[in-house]
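# Understanding the architecture of this molecule
Take a look at the letters that make up each chain.
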Amino acid sequence: MRKIRFKGQKNTERKPCEGKEFFLNKITMLTVAVIAAIAPWIFYCCRVGHVYVDIIIFDGFCLTVFFIMIVNAAAAVVLALLRIKEKISLGNDGKKEKICYIAEIIVFSLTVLFTASWVACLGVMGAESAPVAGRMAAKSLPVALLVYGILFFALFFPAVTNKKARTAIGTVCIIAGIIGLTAAIFPFSKYEFVSDPMVIDTGEGYSVVFATTDNGTGYIEYTYDGDTYKLFDERGGRKVNARIHSFNVPYEHLEGNEYKVVSTRITDELSYGGRTGETIESKVYKFNRNKGEENKYLCISDWHTRLKEAYKATEHTDGYDGVILLGDAAPGLQYEEEAAEYIVKFGGDLTKGEKPVIYARGNHETRGKYASELGDALGLGDYYTDIKVGNRRFIVLDSAEDKEDSHPEYGGMADYSAYRERMVEWLEGLNAGENEEVIVICHDYEICREKELSERAIKALKNLGAKVILCGHYHEVGFGEKEGIPYYIDGGHTDNGMVVSTVEFRNGEILLNAVNGDGENVGSYKIS
Ligand SMILES: [Fe+2]
């Protein structure tokens, strides 16, 4: 029935949209969508403060809020889109309009709450830690801009007129964003050891090294003399979060003993708080060291990432007691993954975590961003050392780079000349022992590229009674003499494929044999 309004009477009849204009407004909803979309990003960048909120409320509270923020952001974008496209419009008061109206109020309220949350988080972080949020935001800004830019383009850009294309781009972006975000917090990739551990003889003990497929912490566990040892890879008490871990263990603790290694994945490491993932445990290894006069070593240089070729060549070598790695694992070490794959995995695969490795650095391990971290990661420090095994003495030297420090190849990062000088001074300070068999291990038999340093090094080695220099670098099998000291070039990646060598100590003689991937002997030498 039609209502009758008398003269002077106020019109109390409400229009369908009256009082709702603020929420039904395109500009309002677009603004809400933008603020709602930014909220999870900023909140995540403020996560250094989350730990304190979680302690008060419950563990995982902030992560829950973070995911609700994402859902809210998606809802805000959809609602803004519906409003802009006038799928819902002022003047209608149907069921759809009512649902959207309620949804818009909820999204608006949550967006205000979430914005207040990240502002509060910044407040909790305070003046000292708030810049951390800025650094995190700056670091993730390119990704954030890309995600938001593509979404905005797909959903709002007028030029995209094809409805199906718009829907497809928007859907792909949202799914990719959700998958990417989830993977960043809960990685999909499997966390595992890349190989058995590699046990390096450092001259002062053993460095047990292992690598994993992602960053994490690690420890070694063994029992010695009735005591159980659980040694973490740590620096100054803080566990190291890395792919490669090393543990310095005294000789007597490991020889003839069992050990295992354990690692926990770290998915987020922060100034305050952080997040751990799964924990993996190795099998139990039984480590053995042949300290007798009769001994056999597998000797490999210059594998230059060719692990499979090297493994094939080693199939033709009989059982060996240890492995001597003579360097040049990869073109350079830009990333930790390269050291994990081409050094730790290689050494671990060849020894199964149960035989010692003697490692000499190649010139290619001196190149790249990770090169300066390698020694610490392997538990070595400098790369020259003095190893005594029974009456045998291995003097490990580091020829470092084969070009002058100023060569453009090193990008201004080389100071190897001074390093070699220190090494030669150390070498000159060594004393000869009685009845020792001195074996020199160095990537290049020249020892140093500087003539004067090279002569001093060779003279010192002669004084120590060096019997042979085992080396690589030249990608061939060769035998020669340097100022009266025999040297043996063990092969490596040659023009005819990968060649590895065995070095046998038998009846007071040193037998040197080179074998290629087809099992052919490509060099035999004997030093009496
Ligand atoms: Fe080399």
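Residues numbered from 1 in each chain as written. Predicted model: local features only at pLDDT ≥ 70, side-chain atom pairs only at ≥ 80, totals over all residues. Heavy atoms only, no water.

## A short note on the overall build of the chain
Rules: Only runs of H or I of at least four residues qualify as helices and only runs of E of at least two qualify as strands under DSSP, and these elements are numbered from the N terminus. Any two residues having at least one pair of non-hydrogen atoms within 4.5 Å are treated as being in contact. Here the open area of atoms and residues is found with the Shrake-Rupley method and a 1.4 Å probe, where only the protein chains shown may cover a residue. In this tally Asp and Glu are treated as negative and Lys and Arg as positive; neither His nor the chain ends contributes. A charge is said to be at NZ when it belongs to Lys, at CZ for Arg, at CG for Asp and at CD for Glu.
A tally of helices and strands in the chain yields 11 helices and 22 strands. Of the contacts formed within the chain by residues at least 6 apart in sequence, a portion of 70% connects residues at least 24 apart. Of the roughly 26100 Å² of accessible surface on the chain, a fraction of 56% belongs to carbon and sulfur atoms. If you average the places of the 59 positive and of the 73 negative side-chain charges in the chain, the two averages end up 17 Å apart.

## As for a nonpolar patch on the surface
Selection rule: Think of a patch as exposed residues, more than 30% relative accessible area, with no salt bridge, where like charges cluster within 9 Å and nonpolar side chains (Val, Leu, Ile, Met, Phe, Trp, Tyr) cluster within 5 Å. The term salt bridge refers to a pairing of a side-chain nitrogen on Lys or Arg with a carboxyl oxygen on Asp or Glu at a separation within 4 Å.
A contiguous nonpolar surface patch, about 740 Å² in accessible area, is contributed by Tyr-52, Ile-55, Ile-56, Ile-57, Phe-58, Val-124 and Tyr-272. Here the nonpolar patch takes 3 residues from helix H2 (residues 50-56), the largest share from any one element.

## Looking at the packing of helix H7 (residues 307-314) against helix H8 (residues 336-351)
Where we set the bar: A fitted line through C-alpha atoms serves as each axis, taken over the contacting stretch for helices, and the angle formed by two N-to-C directions is quoted from 0 to 180°. Roughly parallel refers to an angle under 35 degrees, roughly antiparallel to one over 145, roughly perpendicular to one between 65 and 115, and oblique to any angle outside these ranges. Helix crossings get a hand from a simple test, with the near helix turned counterclockwise from the far one by less than a right angle marking a left-handed crossing and a clockwise turn marking a right-handed one. Three categories are distinguished: nonpolar for Ala, Val, Leu, Ile, Met, Phe, Trp, Tyr, Cys and Pro, charged for Asp, Glu, Lys and Arg, and polar for the others, with Gly belonging to the last.
Axis separation between H7 and H8 bottoms out at 11 Å; the angle between their running directions is 20 degrees. Considered as vectors, H7 and H8 are oriented roughly parallel to each other. Of the two possible hands of crossing, H7 and H8 adopt the one that is right-handed. On H8, the residues that touch Leu-307, Ala-310, Tyr-311 and Thr-314 of H7 are Glu-341, Tyr-342, Lys-345, Phe-346, Asp-349 and Leu-350. Taken together, the residues of the contact of H7 with H8 sort by class into 6 nonpolar, 1 polar and 3 charged.

## What about the confidence of the model for the chain?
Note that predicted coordinates carrying low pLDDT should not be read in detail. The line we're drawing: Think of pLDDT as the predictor's per-residue confidence, scored from 0 to 100.
In the predicted model, the chain carries a mean pLDDT of 89, and the fraction of residues at 70 or more is 93%. The low-confidence segment residues 1-18, where pLDDT is below 50, has 11 contacts with residues more than four positions distant or belonging to other chains.

## Structural notes on unusual backbone geometry
We count it as follows: Buried residues are those whose accessible area, probed at 1.4 Å on protein chains only, stays under 20% of the maximum for their type, while exposed residues exceed 50% and partly exposed ones sit between those limits.
Here the phi dihedral of Asp-302 falls at roughly 50 degrees; this positive angle occurs in a residue that is not glycine. Position of Asp-302 among the secondary structure elements: in the loop between strand S10 (295-300) and H7. Of the residues examined, Asp-302 reaches a relative accessible area of 0% and is grouped as buried. Phi is positive for Thr-305, which is not a glycine, with a value near 75 degrees. The residue Thr-305 is located in the loop between S10 and H7 in this model. According to the relative accessible area criterion, Thr-305 is partly exposed, its value standing at 30%.

## What about the coordination of the iron ion?
Worth spelling out the cut-off: For Na, K and Ca the donor cut-off is 3.2 Å; for every other metal, N, O and S atoms count as donors within 2.8 Å. Water does not enter the count, which can leave sites looking incomplete.
Taken together, the protein donors to the iron ion comprise Asp-328 (OD), Asn-363 (OD1), His-443 (NE2) and His-473 (ND1), at separations of 2.1 to 2.2 Å. Between consecutive donor residues of the iron ion, the sequence gaps follow D-x34-N-x79-H-x29-H. With Asn-363 in the loop between strand S12 (356-359) and helix H9 (371-377) and His-473 in the loop between strand S16 (466-471) and strand S17 (477-482), the pair connects residues that are 110 residues apart, well separated along the chain.

## Section: the sheet that holds S17
Put simply, the rule is: Each pair of strands is called paired provided DSSP finds at least two bridges between the two strands.
Judged by pairing direction, the sheet is mixed, and its 6 strands sit side by side in the order S13-S14-S15-S16-S18-S17 without closing on themselves. Edge positions in the sheet fall to strand S13 (385-389) and S17, since each of these pairs with one other strand and no more. Pairs of neighbouring strands in the sheet enclose a mean axial angle of 20 degrees, with direction left out of account. Where S17 and strand S18 (residues 485-490) come together, 6 bridges link them in antiparallel fashion. Paired with Lys-482 across the strands is Ile-485, a residue of S18.

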